[in-house]
Structure formats: C-alpha cells, structure tokens
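The lines below spell out each chain.
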Amino acid sequence: MILRIRGEPINCVTPSARFTLLPKHQSHSTLDLDSPDLHPPFPSQAKQHTSLYIQEEEEELVGRLTEKQHQPAMGKDCGNHRDDHLRNCCRRLLAVFLFLAFIIAVISLIVYLVLRPTHPRFYLQDASLRQLDLSNASSLLSTSLQVTVASRNPNDRVGVYYDRLDVYASYKYQQITVASSLPAVYQGHGDVDIWSPVLDGPNVPFAPYLASAISQDCQAGYLILQVKIDGRVRWKVGSWISGHYHLFVTCPAFLVTTGGNGAPGASGFKFQTTTYCHVEV
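Remember, it's a predicted structure, so these values are computed and weren't measured experimentally.

A. Region of the structure containing the overall build of the protein chain. Along the backbone of the protein chain there are two helices and 16 strands. Scored against the burial criterion, the 281 residues of the protein chain give a buried share of 32%. Of the accessible surface of the protein chain, which amounts to about 17800 Å², a share of 58% is contributed by carbon and sulfur atoms.

B. Inspection of the environment of L182 at higher detail. Tracing the chain through its elements places L182 in strand β7 (residues 180–182). Residues L182 and W195, 13 residues apart in the sequence, show an inter-C-alpha distance of 7.5 Å. With sequence-adjacent residues up to four places away left out, L182 is seen in contact with L165, V167, W195 and P197.

C. Focus on the state of the cysteines. Counting across every chain of the model gives one disulfide. Bridging C251 to C277, the disulfide has an S-S length of 1.9 Å. With the S-S dihedral at roughly 110°, the linkage between C251 and C277 falls on the right-handed side. Pair noted here: C251 is in strand β13 (residues 245–256) and C277 is in the loop between β15 (275–276) and β16 (278–280), with a separation of 26 residues, a long-range link.

D. Representation of the nonpolar core. Formed by 42 residues in total, the largest nonpolar core has its most connected members in F122, L124, Y171, F206 and L223. Among the secondary structure elements, those contributing two or more residues to this core are β3 (121–135), β4 (140–152), β5 (159–171), α2 (208–220), β11 (222–237) and β13.

E. Main features of the packing of aromatic side chains. The tally for this structure, following the rule as stated, stands at six aromatic pairs. Arranged with centres 6.1 Å apart and planes meeting at 85°, the rings of F122 and Y162 form a pair that is edge-to-face. Highlighted residues: F122 in strand β3 and Y162 in strand β5, separated in sequence by 40 residues. Of the two residues examined, F122 and Y162, each falls in the buried class. Centroid distance Y123 to Y276: 5.7 Å. Interplanar angle 65°. Geometry classified as edge-to-face. Within this pair, whereas Y123 is found in strand β3, its partner Y276 is found in strand β15, the two being separated by 153 residues in sequence. For Y123, a relative accessible area of 28% corresponds to the partly exposed category. Three or more aromatic residues link up through ring pairs in this structure, and these residues are F122, Y162 and W195. Taking the ring centre of Y161 as reference, the NZ or CZ of R234 above it sits at 4.9 Å. The ring of Y186 has K236 sitting right over it, with the charged end atom 5.6 Å from the ring centre.

Conventions adopted
Residues numbered from 1 in each chain as written. Predicted model: local features only at pLDDT ≥ 70, side-chain atom pairs only at ≥ 80, totals over all residues. Heavy atoms only, no water. Helix = DSSP H or I, 4+ residues; strand = E, 2+ residues; numbered from the N terminus. Buried < 20%, exposed > 50% of the residue type's maximum accessible area, 1.4 Å probe, protein only. Areas by Shrake-Rupley, 256 points an atom, 1.4 Å probe, with all protein chains shown as cover. Contact = heavy atoms within 4.5 Å. Disulfide = S-S within 2.5 Å. Core = buried A, V, L, I, M, F, W, Y, C linked by side-chain atoms within 4.5 Å. Phe/Tyr/Trp six-rings, centres within 6.5 Å; stacked < 30°, edge-to-face > 60°. Lys NZ or Arg CZ within 6 Å of the ring centre and 35° of its normal.

Structure, rendered in structure tokens:
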C-alpha cells in the first residue's frame, strides 16, 4: 500500500507488514519491505506532518471566525455613522429655521419702527335723544337717538379701509336700538370722517330690572348710554392691503337734565360733552 502526503514518502510499520510511501517517479517493483533502510522512525515523522496539517487547518478556521466576528462590528459602525449623519442633518435644518425666524423678526421690528401703526381714533361729538318711552306693563322700550361720531386716522404711512360699520345704542350692556349701517369708506393718512346716523329702537323688549334702573336714572337727572360700533377694517401700506380685522368701538354718551322730571322721557336731556371712545382691533 502506498500513501502520499505533500509529495514526500512516509514509512509505515505494522505488525504484519512494513511499507513506505514513495514519490511517483520511484518504481514499486524495487520496494523491499524487509529492507532495514526503508523504515526510519514512523511515529515522529507522521506526528510532525500531522501537526503541521492540523496547525494550518486551525489557522484557517481561526481566520474565518475572525472575519465573521468583524462583520457585525462593521455593520454596527455603519449604523452609527448613519445615526450621526441624521443628527447632523437635523441640526442643520433647525439652524436654518432659527435663522429664518430671526430674519423675519428683525424685518417685522424694522417695519413696526418705521410705520408705527396705531388703531384709528373715534370720538362721540353729539347725541340727541329724540324718544325714550318705557311701558312698564309690557316691559317694552322705544328709543330714538341721533349721534355724531368722528373718526381720525393718526398714521402717517398707513391707510384704513372701513368695509363695514354697524352702529347701535345700548343701556347697561343691553342693546336698545337696531344697528344702523354706515357707508364704506377709505381713510387716508391723517384723514377725518364724520357720521351722523339716527338710531331707532321701537318696542324693544326690556328686562324688568333694567326698567327700574332707567326710571331711577331719569329721576336723578342723568342718563348714561353707550354708542357702539361693530365693523371690519383693512390696513393699506403702499400698494399692500392686509386682510380683514375686527373693529369694536364703545363711546359713552352722558345725557343730563337741569332737574329730574320723575319719569323717563326725551325732553330735558342734553348731551354733556365730547367723549373719547375705546377702540379694539
């Protein structure tokens, strides 16, 4: 029997026979199993070759295991790099948004300082009470009141569009006349507009406690009404026109008599003085 490991002959000895492993170029016919020169010590030589072979296999196996161990680490590193890239992108976007917000705030501040827009100013110049009849039996109040309201635009660079203005009178927060609509108008820089509507409220249901309160005021010789304006306005700066804004104006009307007449009535009540109106936009 002939065995060959890496092209070198290996002598083998068994209890029944002795044989040697020869290179391919040696003839098998000259092999003498009984020759003492053909069997050097078998155990040491075979052990040496087997150890080399096992060592090479172990090194190859260790190399493969090392590569497999490095593969998850590389994947983990790639995941960390992706997370870092995402964080950097988020930081950059946040920085851009903050910068844009800062620029918008600066521009708004500059525009405000240059224009300094303020709401229009309203004044109640006159109020003439024509009718004030209270029916205690039915708790109905009939009122007729003519008022004169003036408005001024104090802005030097901002115009005002009055698209809708509704005027009505109230007593202690209860509306006592029907709303009267004023014509739409544009108010330029520093312009003044004056309206004189007649406010009528025929047979308006009145709360009993308010009927008692208005009777006491008339006996005391004074009457305080509120002239209110509810409207929608727009602002104009150059060629730019804003959207609609709600306008709410409250003007107190002080009506007094020289002496109490003991009952509600239009006679004897006079408008006391021009009053400044409270404006909310």
